[in-house]
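Chain residues, written in single-letter form:
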Amino acid sequence: MHSLIQPNAWVAIKLPSGDLKVLQVTPNTTISLGKYGSFPSNLIIHRPYHLTYELEDRREPEIFNRLRIVPASELYSDIIPAESSTSSDAATPVPEEDAGTVIPTGVEYSLVDPDSGVVLAKTNRAELDASARQKLSMDEIEALKKDATGAGKDLIAKLMLSHTALDQKTEYSLAKYKLLKTKKYIRRFSVLPMDVPLLDHFLLEEKDPLKILDMRDEMIALLGCWANVHYGGRHRCEKEVSHVDDAQIAEDSEPGTGRWLVLDDTGGLLVAAMAERMGILYPSDNGESLQKYLGSQQPATRPKASVTDGGAGKQDASSNPSASAAKRESPGKLESLPDRIATKANADTDMKLASNPSLPEAESASLVKQESTSNAAAFSAKTDTAVCQSSEGKPKRHPDGRHRGDDMKVPYADSNTLTLIHANSQPNLTYLRYYDFDIASPTQTVAHPLATNLMTLSWLQLLDPSADTTYSAEPAVVDAEELKTWKPNRRGNYHRKRRRWARIRHIVDTTKKGGFSGLVVASTMDPVSILRHAIPLLAGGAPIAIYSQSIEPLTALVDSYSIGRRAAWISNPPEEAEGKTPEELEQWAGTEEFPLNPTLLLGAAVQTSRVRKWQVLPGRTHPLMTSKGGSEGYIFTAWRVRPAEGKVEARGKGKQRKRKADEQVS
Amino acid sequence: MAKVSPFLDPGVHTAQNGLAIVHLSRDNLEPVILNGEVGAADGYAEGRVINTRFGSFPHSTLIDQPWGSQIRASVVDTGTRGRKRKPDEEETAGVGSAAATPKNVKTATSGFVHVLPPTPELWTTSLPHRTQVVYTPDYSYILHRIRARPGTRIIEAGAGSGSFTHASARAVYNGYFSDSNGHMAKESSTGKVFSYEFNEDRFHKMQQEVEDHGLSGVVEVTHRDVYNDGFFVNGQSPDVDCVFLDLPAPWKALPHLSRGPRSPLRKDRSVHLCTFSPCIEQVTQTVEVMRRLGWMDIEMVEVSHKRISVLRERVGLNMPTERGSNQSAYDVAEAVQRLREVEGRFKEFHGRSLKMDVVDDVDMEEEGDANVTENGVNGSNAEGTTKPPFMLGRLIHRTEPEIKTHTSYLVFAILPQEWTEEQEAAAFEKWPCGNENKVIGSIGKEARKQEKREMLQGKKKKRTKDDNEGASAGRDAKKPKLEDP
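Being a predicted model, the structure only gives us computed values, none of them experimental.

*Asks:* Hey, could you go over the overall build of chain A for me, with residue numbers and the actual values?
*Replies:* Looking only at helices and strands, one finds 27 helices and 17 strands in chain A. Looking at chain A as a whole, 54% of its 666 residues qualify as buried. Considering only contacts within chain A whose residues lie at least 6 apart along the sequence, 72% involve residues at least 24 apart. Within the structure as shown, chain A displays about 28700 Å² of accessible surface, and the carbon and sulfur contribution to it stands at 54%.

This is how it looks when you write it as structure tokens:
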């Protein structure tokens, strides 16, 4: 993951001001950073993340700015000398020494009085007109900005030199002033991979935090841990793909391992975070081997290209038109991976062509075509193999990686899966687009691990599937002969409908079977109502973690598992519960006194956590002065348990009433 | 690896020789390796027994139960075993082998526990403390920040009590690759924890624990002084993606974590690091060394975590006299009513002599009666007749009595990969510049408008083209988008 910046990868560019610019690195474009300048995207493709780049001045014939990697020693040049002096003599900063060393070498700052003891005293007395301090006028600064060289360093130096009160500043305020100007003018940036912590930071600080329920990093981390979300075991390969068939579902009673139930009202952020913990967020071979693969393709001459066509891409080579038709079939969708590889391959071959002009025109065109299709097919086959080894070498494969043979084959894995229950008819998973996944785009299935390991269903489909048309109305089977007479358009629709029905059938049936390894919730819905329906789906001992922006819904939830209520349920069960089996009691519908069956959960508790950031500078270490407010965020945790049958008497020391309290404290 | 660790996949039931967490109360958890062998052990006829204040639980009653089961206590003779064994050891053993089959263990009339599958969170609250423990709020945030995900490799220096070890093992686990097709899989693609411990005693305990918990495929414990001897394992680089240092002097270990020929870090990507130190002096020194060694994005934070207790605040004069209820007036009306009652009684006592005030008294009493009924409707207590006690009062929450105000300061940093002139030249060769055709990122308002205009124009053109070419293709393209989701 995230070794080098891949073409078309989503990245965040961190500017000196601390702002993030999120974009997709499209090859052969110019990336503009606003006032900090612009540079060609090709200059960061296949370069490392996290390095600090600086925009160089244009070299004469070139029409773009090259980038320079700023070494750490230069980045920290202001801090390190000061640090060495403070560490050498204790904590108290000695101004005489520091004032000289704070100023970086190379730029002349003769205005600063080296005898800063005097300066210190002056600052307190001097009452200066703030506007009069900077001698340079606005226009002059603008002009300087236009023809500034040295990535803005010259400009900063000039600004500081023409500051009238510079000699009256303390060393700290001088450092602060320089930092301020540096943030504003220095033409530097670094590129960060768009992973979940960064996405969360971006959404919280720069986009709309309300859309993700103000969920901070520490909350996401706690949720994942308390719900014990982790890689849940391998897909059962011998079975390859589940086949929707009622008899089979009944017989195949053992559910896979590591299935988590998730409710997400944060636009897909929670799903992304959980998927990251399970190792299914990033396309399986994280670009690295992809790059290797493309690398091996690079020197390919014609015979080699046809060799690669031999395997998965065999029938593609003969059906190039169909491949391009498939491409036409899905306009406007997010560029799916195979497509991207194809375009990349095109770019590669283009380059090759440029360097090898002797190749006849027609031949080279066909080369481009062949290579792109073989690339796409081979890639999809490869990702398949990563999910399940046996899918390779399937007789009938379509270039976009979908099965054409049997509509009733369901692409879902049975282990290490997330099942999302959503309140609207379609799930809102907007933010997954930063991970190249779009649940609404059927063509990219199989290429992305989420396509096989993320299942979505609505509450209606879960609780009353017969009322849902997608689930209940099976599209009539048409026999192959008649199908052949249909127009391709109509035939396609028929298959699509059959496949969709099979998919939803599979999802609903496996979900209703239950046995989930845990439940993660970040929702605005009432948690009591969620748990009423979700608890019976959980396996014994499964952890539950619920995030809420405010504490009130969670206190109400904890209260329905309070000591008093549990004791009352056991010693004096409500009328409605009389004579019911434990299985029936799991489906407890809820009364006013007992909104939930209080014996099904153990250890109901609420917690909160907040991270506080500090500034660490020599002699100036303290917590940051301001940070984000907003909703505090709380997490409810508990475990699903199975009560023993019959009446259970508590035990402990103390009086009868206290005993119960002791026992049930949890 | 024959068996998957119960931390990673506990299965459906508790199992013989498997770790289980016995839940007594929230802060009283007991980790047990279940051993249901028939026959006497420790002088118990029932085999191994867990004794708690909620009763005794022979292991045999805990095995082969679905996880999360509530287990009733059993009748176990705990009192006589110590006394009997000494004078007459053979006899006890004889009794044990004859009488102790799990079947005839009798269920006690009261007492129960729950048996839960082990997770790093439960383990952290129940583990035997050897050093300061890294608790869940800290380790969850650390693992999130240093990007410990399935398939990554992590250094943990200062294994300590092992709470972070278990959490990181769960985070990086992506399957064991040592069996069927194991040798095919590249070593470096499997998630792994490299744990280092300086103290020999703790090292042995840690090793035993990893073995017992079935984690030896994921965790490799090394007995090492990392300040002097670095992080290589068996002469090889562990090739890690992230590092966690829980050491008294992290700056002494940092020089071993730099780029170069003998680096334990993974070469082809950025490495994330976190140090965990309780004192601010340690932090300043660590950060200074980090800056010298070229670490980027250095950030120091502290995590403040609070557990919140939820309770019902029962205030009112008519509240049942129970623990936790406050027998004072619920509101002003109730207070006034009580005062009137007191006043009334006072007057009644002294009033016989003051006959003048009788008329006034009557008035007062009437008023008082009115108040009672009113209060009965609004007040908290009158509902007590219908509402059960657990629904009385107001639902409130407060921070628990004891909070951990400081655990440690966390310093995060990133070390980017090395990038040489040659690599840069090769990349520049492969991705030549100068033929850019579009601007992305922050573009001016004018440019954006122009772009939009062009896009609309293009769409219009395309539409007319589609119509000319033939309708079927165009429709084909649109329909799937509408219908399939």
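*Asks:* I'd like to hear about the overall build of chain B, residue by residue, with values.
*Replies:* Within chain B, the secondary structure is distributed over 15 helices and 16 strands. Across the 485 residues of chain B, 46% fall into the buried class. Taking contacts inside chain B between residues at least 6 apart in sequence as the whole, the part at least 24 apart equals 72%.

*Asks:* Break down the side chain of T266 of chain A for me, citing the residues and quoting the values.
*Replies:* Residue and element names in this part refer to chain A. Examined against the element boundaries, T266 turns out to sit in the loop between β9 (259-264) and α11 (269-278). Here L270 takes part through its backbone nitrogen, which lies 3.2 Å from a polar atom of the side chain of T266. If we ignore the near neighbours within four places in the chain, the residues touching T266 are K211, I212, L213, M215, Y431 and A522.

*Asks:* Run through the side chain of Q282 of chain B, naming residues and quoting values.
*Replies:* All names here are of chain B. Note that Q282 resides in helix α10 (residues 280-292). On the basis of relative accessible area, Q282 is assigned to the buried category, the value being 14%. At a separation of 2.9 Å, a polar atom in the side chain of Q282 contacts the main-chain amide nitrogen of C279. Excluding its chain neighbours within four sequence positions, the residues that come into contact with Q282 are P248, W251 and S277.

*Asks:* Tell me about the pairing of strand β10 (residues 242-245) of chain B, and name the residues and values.
*Replies:* Residue and element names in this part refer to chain B. Here β10 shows a buried face lined by C242 and F244 and a second buried face lined by V243 and L245. As paired strands, strand β7 (residues 153-157) and β10 are joined by four bridges and run parallel to one another. Across the sheet, residue A157 finds its bridge partner in β10, namely L245. Of the pairings in the sheet, the one linking β10 to strand β11 (residues 271-277) comprises four bridges and is parallel in character. Bridging from a neighbouring strand, L245 pairs with T275 of β11.

*Asks:* Hey, could you go over the sheet that holds strand β16 (residues 439-442) of chain B for me, with residue numbers and the actual values?
*Replies:* Read from one edge to the other, the open sheet built from three strands follows the order β4(A)-β3(A)-β16(B), with strand pairing classed as mixed. On the outer flanks of this sheet lie β4 (38-40) of chain A together with β16 of chain B, each paired with one strand and no other. On average, each strand axis in the sheet is inclined to that of its neighbour by 20°, with strand direction left out of account. For strand β3 (residues 30-33) of chain A and β4 of chain A, the ladder comprises three bridges, and the chain directions are antiparallel. Within the sheet, the bridge partner assigned to I31 of chain A lies in β4 of chain A and is F39 of chain A.

*Asks:* Describe the nonpolar core, listing the residues and the values that go with them.
*Replies:* Within the largest apolar cluster, 57 residues are counted, with the highest numbers of intra-cluster contacts made by M215, L281, L418, L432, Y435 and L454 of chain A. Looking at which element gives the most residues to this core, the answer is α11 of chain A, with eight residues.

*Asks:* Please provide a residue-by-residue account of the interface of chain B and chain A, values included.
*Replies:* Every contact between the two is made by 111 residues of chain B and, on the other side, 133 residues of chain A. Both faces considered, chain B and chain A share a buried interface measuring about 10700 Å² in area, 57% of it formed by carbon and sulfur atoms. Between E302 of chain B and R612 of chain A there is a salt bridge, and its shortest N-O distance comes to 3.4 Å. Viewed at the interface, chain A and chain B are joined by 29 residue pairs in polar contact (both at pLDDT 80 or more). For the side of chain B that touches chain A, the element with the highest residue contribution is strand β12 (residues 296-315) of chain B, accounting for 15 residues.

*Asks:* Got a sec to walk through the pattern of salt bridges? Specific residues and values, please.
*Replies:* Residues and elements named next belong to chain A. The final tally for this structure, using the stated rule, is 33 salt bridges over all chains. Between E62 and R66 there is a salt bridge, and its shortest N-O distance comes to 2.8 Å. Within the structure, one salt-bridge network assembled from shared partners comprises E54, R68, E74 and R188.

*Asks:* Hey, could you go over helix α5 (residues 136-145) of chain B for me, with residue numbers and the actual values?
*Replies:* Residues and elements named next belong to chain B. Summarising burial for α5: ten of the ten residues are buried, a large majority. Those residues of α5 that sit buried are T136, P137, D138, Y139, S140, Y141, I142, L143, H144 and R145. One or two positions beyond α5, positive phi appears at R147, with a value near 60°.

*Asks:* Give a detailed account of the environment of V508 of chain A, specifying residues and quantitative values.
*Replies:* Residue and element names in this part refer to chain A. On the secondary structure map, V508 appears in helix α22 (residues 488-513). Spatially, the C-alpha atoms of V508 and Q461 are 6.7 Å apart, while their sequence positions differ by 47 residues. Leaving out residues up to four positions away in the same chain, V508 has contacts with L457, Q461, P465 and Y471.

*Asks:* Lay out the packing of aromatic side chains with the relevant residues and their values.
*Replies:* Residues and elements named next belong to chain A. Under the counting rule described, the total for this entry stands at 16 aromatic pairs over all chains. For the ring pair Y282 and Y435, a centre distance of 5.9 Å and an interplane angle of 75° mean the geometry is edge-to-face. Taken together, the residues Y282 in the loop between α11 and α12 (288-297) and Y435 in the loop between β11 (417-422) and α18 (449-453) connect sequence positions 153 residues apart. On the basis of relative accessible area, Y282 is assigned to the buried category, the value being 13%.

*Asks:* I'd love a proper account of the packing of α5 of chain B against helix α6 (residues 163-172) of chain B, names of residues and values included.
*Replies:* All names here are of chain B. Running from amino to carboxyl end, α5 crosses α6 at an angle of 40°, the nearest separation of the two axes being 10 Å. As summarised for this structure, α5 and α6 are arranged oblique, according to the angle between their axes. The two elements α5 and α6 cross, and the hand of that crossing is right-handed. Contact residues: α5 offers Y139, I142 and L143, while α6 offers F164, A167, S168, R170 and A171. Taken together, the residues of the contact of α5 with α6 break down into six nonpolar, one polar and one charged.

*Asks:* Before we move on, can you summarise the sheet that holds strand β6 (residues 67-69) of chain A with the specific residues and values?
*Replies:* Where strands meet in a sheet, backbone hydrogen bonds hold them as pairs that are either parallel or antiparallel. All names here are of chain A. Taken in spatial order, the five strands line up as β2-β1-β7-β5-β6 in an open sheet, and their pairing is antiparallel. Two strands bound the open sheet, and with one partner strand each, they are β2 (20-24) and β6. Strand-to-strand twist of the sheet, defined as the mean angle between neighbouring strand axes without regard to direction, takes the value 35°. In this sheet, β6 lies alongside strand β5 (residues 52-55) in antiparallel orientation, the contact comprising three bridges.

*Asks:* How would you sum up unusual backbone geometry? Please name residues and give values.
*Replies:* Of note in this structure, D436 of chain A is not a glycine but carries a positive phi near 60°. Looking at where D436 of chain A falls in the secondary structure, it is placed in the loop between β11 and α18. On the basis of relative accessibility, which here comes to 15%, the residue D436 of chain A falls in the buried class. In this structure, R147 of chain B is a non-glycine residue whose phi angle is positive, near 60°. Tracing the backbone shows R147 of chain B in the loop between α5 and β7. Judged by relative accessible area, which is 16%, R147 of chain B ranks as buried.

*Asks:* Residue-level account of the packing of helix α23 (residues 527-534) of chain A against helix α24 (residues 552-559) of chain A, with values.
*Replies:* Residue and element names in this part refer to chain A. Put simply, α23 and α24 touch, their axes get as near as 9 Å, and they point 50° apart. With respect to α24, the element α23 is oriented oblique. Residues P527, V528 and L531 of α23 form the contact with α24, whose own contacting residues are P553, L554 and L557. Among the residues forming the contact of α23 with α24, the class breakdown is six nonpolar, no polar and no charged.

*Asks:* Pulling in residues and values, what's your account of the pairing of strand β17 (residues 634-640) of chain A?
*Replies:* The two faces of the sheet receive side chains in turn, since in a regular strand these alternate between them. Residue and element names in this part refer to chain A. For β17, a buried count of seven out of seven residues is recorded, marking the element as mostly surrounded by other parts of the structure. The alternating pattern of β17 places Y634, F636, A638 and R640 and I635, T637 and W639 on opposite faces, both of which are buried. Where strand β14 (residues 543-548) and β17 come together, six bridges link them in antiparallel fashion. Residue I546 lies in a different strand from β17, and its bridge partner there is F636. Summarising the sheet, strand β15 (residues 601-615) and β17 pair through five bridges and their orientation is antiparallel.

*Asks:* Which residues make up a positive patch on the surface, and what values do they have?
*Replies:* All names here are of chain B. A grouping of K445, R448, K449 and R453 is seen on the molecular surface, where their side chains present a positively charged patch. Tracing the chain through its elements places K449 in helix α14 (residues 445-469). Among the residues examined, K449 registers a relative accessible area of 43% and is labelled partly exposed.

*Asks:* Can you explain the confidence of the model for chain A? Please cite residues and give values.
*Replies:* All names here are of chain A. Across chain A, the average pLDDT comes to 73, with 66% of residues at or above 70. At the level of individual helices and strands, chain A shows its lowest average pLDDT in helix α4 (residues 116-125), which scores 34, and its highest in β14, which scores 96. Predicted confidence is poor over residues 236-253, with pLDDT under 50, and the contacts of this stretch with residues over four places away or in other chains come to 37 contacts. Low pLDDT (under 50) marks residues 654-666, which in the prediction has 33 contacts with non-local residues, meaning those over four places away or in another chain.

Analysis parameters
Residues numbered from 1 in each chain as written. Chains lettered and ligands numbered in written order. Predicted model: local features only at pLDDT ≥ 70, side-chain atom pairs only at ≥ 80, totals over all residues. Heavy atoms only, no water. Helix = DSSP H or I, 4+ residues; strand = E, 2+ residues; numbered from the N terminus. Buried < 20%, exposed > 50% of the residue type's maximum accessible area, 1.4 Å probe, protein only. Contact = heavy atoms within 4.5 Å. Areas by Shrake-Rupley, 256 points an atom, 1.4 Å probe, with all protein chains shown as cover. Polar contact = N/O pair within 3.5 Å; in protein donor to acceptor, adjacent residues only side chain to side chain. Pairing = 2+ DSSP bridges. Axes fitted to C-alpha atoms, helices over the stretch in contact; angles between N-to-C directions. Core = buried A, V, L, I, M, F, W, Y, C linked by side-chain atoms within 4.5 Å. Buried area = accessible area lost by both parts, 1.4 Å probe. Salt bridge = Lys/Arg side-chain N within 4 Å of Asp/Glu carboxyl O. Phe/Tyr/Trp six-rings, centres within 6.5 Å; stacked < 30°, edge-to-face > 60°. Parallel < 35°, antiparallel > 145°, perpendicular 65-115°, else oblique. Left-handed = near helix turned anticlockwise from the far one by under 90°. Nonpolar A, V, L, I, M, F, W, Y, C, P; charged D, E, K, R; others polar. Patch = residues over 30% accessible without salt bridge, like charges linked within 9 Å, V, L, I, M, F, W, Y side chains within 5 Å. Lys, Arg positive; Asp, Glu negative; His and termini not counted. Charge placed at Lys NZ, Arg CZ, Asp CG, Glu CD. pLDDT = per-residue confidence, 0-100.

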